[in-house]
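Notes for the structure review
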Amino acid sequence: VSTFAGSGQDATVYGIGTAASFSAGGAVTVAGGSVYVATNGAIRKVNPSTGQVSTFVGSGVLGCSPGPNPASVEIGDPSGMDSDGTYLYVADPSCFTIWKISLATGSTAPLTLAGPWQGVTYGPDGYLYATYAGGNSVSRIDPASGATTEPYTLSGLSDAIASDGTSVWVGEQNNDTGGICRATT
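Summary of the structure given here. (Residues numbered from 1 in each chain as written. Predicted model: local features only at pLDDT ≥ 70, side-chain atom pairs only at ≥ 80, totals over all residues. Heavy atoms only, no water.)

**A closer look at the pairing of strand E12 (residues 137-141)**
The condition that has to hold: Any residue under 20% of the maximum accessible area for its type is buried, any over 50% is exposed, and the rest in between are partly exposed; the area is computed with a 1.4 Å probe on protein chains only. By the criteria applied, helices consist of DSSP H or I runs no shorter than four residues and strands consist of E runs no shorter than two, each listed in order from the N terminus. Pairing between strands is defined by DSSP: at least two bridges between the two strands are required.
In terms of burial, E12 is largely enclosed, as 4 of its 5 residues are buried. The sheet contact formed by E12 and strand E13 (residues 148-153) spans 4 bridges and is antiparallel. Bridging across to E13, Val 138 finds its partner in Tyr 152. What sits between the antiparallel neighbours E12 and E13 is a turn of 6 residues, in which Gly 146 has the positive phi angle 85 degrees.

**Observations concerning the sheet that holds strand E8 (residues 97-102)**
Hydrogen bonds between backbone atoms are what pair the strands of a sheet, whose relative direction is either parallel or antiparallel. Condition: Fitted lines through C-alpha atoms serve as axes, helices being fitted only where they are in contact, and the angles separating the N-to-C directions of these axes extend from 0 to 180 degrees.
Read from one edge of the open sheet, 4 strands run E6-E7-E8-E9, paired in antiparallel fashion. Two strands bound the open sheet, and with one partner strand each, they are strand E6 (80-83) and strand E9 (108-112). Between one strand axis and the next, the sheet turns by 25 degrees as a mean value, whatever way the strands run.

**What about the environment of Ile 141?**
Quick note on the threshold: When checking whether two residues touch, look at their non-hydrogen atoms; a contact exists if any pair is within 4.5 Å.
In this structure, Ile 141 sits in strand E12. Once residues within four sequence positions are removed from consideration, Ile 141 is found in contact with Ile 98, Leu 111, Thr 112, Trp 117, Tyr 127, Leu 128, Ala 130, Gly 146, Ala 147 and Thr 148.

**Re the state of the cysteines**
Defined as follows: Criterion for a disulfide: a pair of cysteine sulfur atoms at a distance within 2.5 Å.
This model, assessed by the stated rule, comprises 1 disulfide. Two residues share a disulfide in this structure: Cys 64 and Cys 95, whose sulfurs sit 2.0 Å from each other. Its S-S torsion of approximately -90 degrees makes the covalent link between Cys 64 and Cys 95 left-handed. One end of the pair, Cys 64, is in the loop between strand E5 (52-57) and E6; the other, Cys 95, is in the loop between strand E7 (87-92) and E8, with 31 residues separating them in the sequence.

**Here we look at the environment of Ser 145**
The condition that has to hold: N or O atoms within 3.5 Å of each other form a polar contact, as long as, within protein, one can give a hydrogen and the other can take it, and as long as residues adjacent in sequence are counted only when both atoms are side-chain atoms.
Secondary-structure assignment places Ser 145 in the loop between E12 and E13. Taking the C-alpha atoms as reference points, Ser 145 and Leu 111, separated by 34 residues in sequence, lie 7.5 Å from one another. A polar contact of 3.1 Å, which involves the side chain of Ser 145, links it to the backbone nitrogen of Ala 147.

**Observations concerning the nonpolar core**
Note the cut-off: By convention a nonpolar core is built from buried Ala, Val, Leu, Ile, Met, Phe, Trp, Tyr and Cys residues, the set being connected through side-chain atoms within 4.5 Å.
Core analysis: the biggest nonpolar cluster contains 16 residues, and Tyr 36, Ile 43, Phe 56, Met 81, Leu 88, Val 90 and Ile 101 have the highest contact counts within it. Of all elements in the fold, only strand E2 (27-31), strand E3 (34-39), E5, E7 and E8 reach the threshold of two or more residues within this core. In this view, Met 81 contacts Ala 27, Val 28, Thr 29, Tyr 36, Val 37, Ala 38, Ile 43, Leu 88, Tyr 89, Val 90 and Val 120; residues no more than four positions away in its chain are not counted. Among the nonpolar cores identified, the runner-up in size contains 10 residues, and Tyr 89, Ala 91, Val 120 and Ala 130 belong to it.

**Side note on the sheet that holds E13**
Spatially, the 4 strands line up as an open sheet ordered E10-E11-E12-E13, and their pairing is antiparallel. In this open sheet, the two strands that pair with only one neighbour each are strand E10 (117-122) and E13. Recorded for the sheet is a direction-independent mean angle of 30 degrees between the axes of neighbouring strands. Judged from the 4 bridges that link them, strand E11 (residues 128-132) and E12 form a sheet pairing that is antiparallel.

In short, geometric facts, not functional conclusions.
Next up, the structure:
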């Protein structure tokens, strides 16, 4: 393992590779050939060919204010992120929402406000799956309408969530033990 981008300093600095810095990175995903890193108040974009780091969405001010102009959007403290290739879906427990962000324009809107959401992944069936901060369930969310159901209840707390294109995988913590659960969609 080696550092590709970021100096290790808790700051927002633009640059190439290790000349750049990130402030409290909370989630990472790859979409459309770029790497996206969620930080306090912004989503940063890293070009994997050059290492160039720029701000994709967010003013850098912590808040919960969406909009069509990527530079004026205020997001909180994102903790989970994934993409369907058209949109980024960002779990933001401080705003109790999952943000739906256009990869083409950066336009940002809340998809669902039923959080506080901790993790989010795009499932193989075309739905989003999300975990609650401090909760023990996994919700299924329609990415078009934001309609939410809770099809899975776990015995422990759920945080991390990911999809491999066939199943949804959830990290589960139960007291001092942990495990991985597989939710077939």
